[in-house]
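Here's the letter readout for the chains.
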Amino acid sequence: MNIKQQRTESLLQEVLSLALSQLQDPQINTLIITGVKCSKGKQSAEVYIEGTDISPNERKTILEQLKKAQGILKEYILNSTQWFRSPNLIFKFDDTLHSANNLDSIFAQLEREKRTPKE
């Protein structure tokens, strides 16, 4: 990946985090953006949100609310970045932290089993 695209993604992540924190909805303004993947030419951007402690029902509601707020978010991006056009935002939940925690607990369990003598 080239540096220009990484810089764009990093800037977009920072701007979106700020934009979300300023929204009035308490369910949205506390979300944590873990990453952004832009397509070539900034046509669209996949925005990854930390979703470890969010239930499937809440996820659906949050995605609907983010879709409704997309116009406001795109306008905020344009005002903050001075870009000619804002990418279409595609919000997804990032469960890598949950997966990492599961792996950590599995490794800890294996370590405990290894230390415990077998009968």
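Here, every reference points to the structure presented above.
All values derive from a computational prediction rather than experimental measurement.

Counting along an α-helix, one turn takes 3.6 residues, and residues three or four places apart therefore face a common direction. Taking 1.5 Å as the rise per residue, helix 1 (residues 3-21) with 19 residues should run 27 Å; its terminal C-alpha atoms sit 27 Å apart, in good agreement. Inspection of helix 1 places Thr-8, Glu-9, Leu-12, Val-15, Leu-16, Ala-19 and Leu-20 among the buried residues, and these make up the whole buried set. Buried positions in helix 1, seen along its axis, are confined to an arc of 135° and lie on one side of it. Exposed residues lying more than 90 degrees from the buried face of helix 1 are Ile-3, Arg-7 and Glu-14. Those residues of helix 1 that are buried are in contact with strand 1 (33-38), strand 2 (44-50), helix 2 (56-68), helix 3 (70-81) and strand 3 (88-94).

Here we come to the environment of Gln-65. Inspection of the secondary structure puts Gln-65 in helix 2. Assessed through its relative accessible area of 22%, Gln-65 is described here as partly exposed. When the C-alpha atoms of Gln-65 and Gln-27 are compared, they prove to be 9.1 Å apart, with 38 residues separating the residues in sequence. Residue contacts for Gln-65: discarding those within four places in its chain leaves Asp-25, Gln-27 and Ile-28.

Turning to helix 2, a few remarks are in order. If you check helix 2, its first and last C-alpha atoms are 19 Å apart, about what 13 residues at 1.5 Å a residue would give, namely 18 Å. Among the residues of helix 2, those classed as buried are Arg-59, Ile-62 and Leu-66. Looking straight down helix 2, one finds its buried side chains confined to an arc of 65°; they lie on one side. Residues Asn-57, Lys-60, Lys-67 and Lys-68 are exposed on helix 2 and point more than 90 degrees away from its buried face. For helix 2, the elements touching its buried residues are helix 1, strand 2, helix 3 and strand 3.

So, how was this worked out
Residues numbered from 1 in each chain as written. Predicted model: local features only at pLDDT ≥ 70, side-chain atom pairs only at ≥ 80, totals over all residues. Heavy atoms only, no water. Helix = DSSP H or I, 4+ residues; strand = E, 2+ residues; numbered from the N terminus. Expected span 1.5 Å × (residues − 1). Buried < 20%, exposed > 50% of the residue type's maximum accessible area, 1.4 Å probe, protein only. Arc of directions from axis to C-beta. Contact = heavy atoms within 4.5 Å.

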